[in-house]
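An overview of the molecular structure
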Amino acid sequence: MRTLTVLCDRVGDVGGAERYWETVVPALVARGTQVRILARTVSDAARFGADAREICWSDEDGDASPDAAESVADELRRNPPDAVVTASVFDRAVLDVVRAAGPRWFARIHDHRT
């Protein structure tokens, strides 16, 4: 079984990026991919069709979070994925962990700003 870990900003019912994952994750699961979701904010852990865990890394304006990076590293060690997707994750410490841990890393930016 293929495994994918998704790190995204929010899991819940707000916004276009969230609607994207609400569509894509169930489709991946239906095709036999095991999906693990880690998010900065979780308001509905099962919203995207796979369990989500909240890890409070920093947003685009905050300082890097060593504690969040260690939590992500622990998740990736305990559940090593075939690939990691980061979606609008800006915490440098978390991104460094992903870069070091995953065999494949895809960065997705969904930017609503003009």
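Focus on the overall build of the chain
Looking only at helices and strands, the chain has 3 helices and 5 strands in total. The N-to-C order of helical and strand elements in the chain reads β-α-β-β-α-β-α-β. Whereas a compact globule of 114 residues would reach a radius of gyration of roughly 13 Å, the chain reaches 13 Å, a difference of no more than 12%. Overall, the C-alpha framework of the chain stretches about 35 × 35 × 25 Å when taken along its three principal axes. Every one of the 114 residues in the chain was classed for burial, and the buried ones make up 41%.

Regarding the state of the cysteines
For the structure shown, the criterion picks out 0 disulfides. A disulfide-free cysteine, C56 has its sulfur positioned 13 Å from the sulfur of C8, the nearest such atom.

Observations regarding the packing of aromatic side chains
The full count for this structure, using the stated rule, is 1 aromatic pair. Considering the side-chain rings of Y20 and W21, the 4.9 Å spacing of their centres and the 80° angle between planes classify their relative orientation as edge-to-face.

Re the pairing of strand β1 (residues 3-11)
Among the 9 residues that make up β1, 8 are buried, leaving the element largely enclosed by the rest of the structure. With 8 bridges joining them, β1 and strand β2 (residues 34-42) adopt parallel strand pairing. Considered in β2, the bridge of R10 is made with T41. At this point the chain moves from β1, through helix α1 (residues 15-30), to the parallel β2, and the crossover so formed is right-handed. Sheet topology places β1 next to strand β4 (residues 83-87); 5 bridges connect them, and they run parallel. If you follow L4 over to β4, its bridge partner there is A83.

A look at the pattern of salt bridges
All told, the structure shown has 10 salt bridges when counted by the stated rule. The partner of E22 in a salt bridge is R47, with the nearest N and O atoms 2.5 Å apart. Of the two residues, E22 is situated in helix α1 and R47 in the loop between β2 and β3 (52-54); the sequence distance between them amounts to 25 residues. Owing to a relative accessible area of 31%, R47 belongs among the partly exposed residues under this scheme.

What counts and how
Residues numbered from 1 in each chain as written. Predicted model: local features only at pLDDT ≥ 70, side-chain atom pairs only at ≥ 80, totals over all residues. Heavy atoms only, no water. Helix = DSSP H or I, 4+ residues; strand = E, 2+ residues; numbered from the N terminus. Rg over C-alpha atoms; globule rule 2.2 N^0.38 Å. Buried < 20%, exposed > 50% of the residue type's maximum accessible area, 1.4 Å probe, protein only. Disulfide = S-S within 2.5 Å. Phe/Tyr/Trp six-rings, centres within 6.5 Å; stacked < 30°, edge-to-face > 60°. Pairing = 2+ DSSP bridges. Right-handed = clockwise from strand over helix to strand, strands pointing away. Salt bridge = Lys/Arg side-chain N within 4 Å of Asp/Glu carboxyl O.

Coordinates in, geometry out; function isn't part of it.
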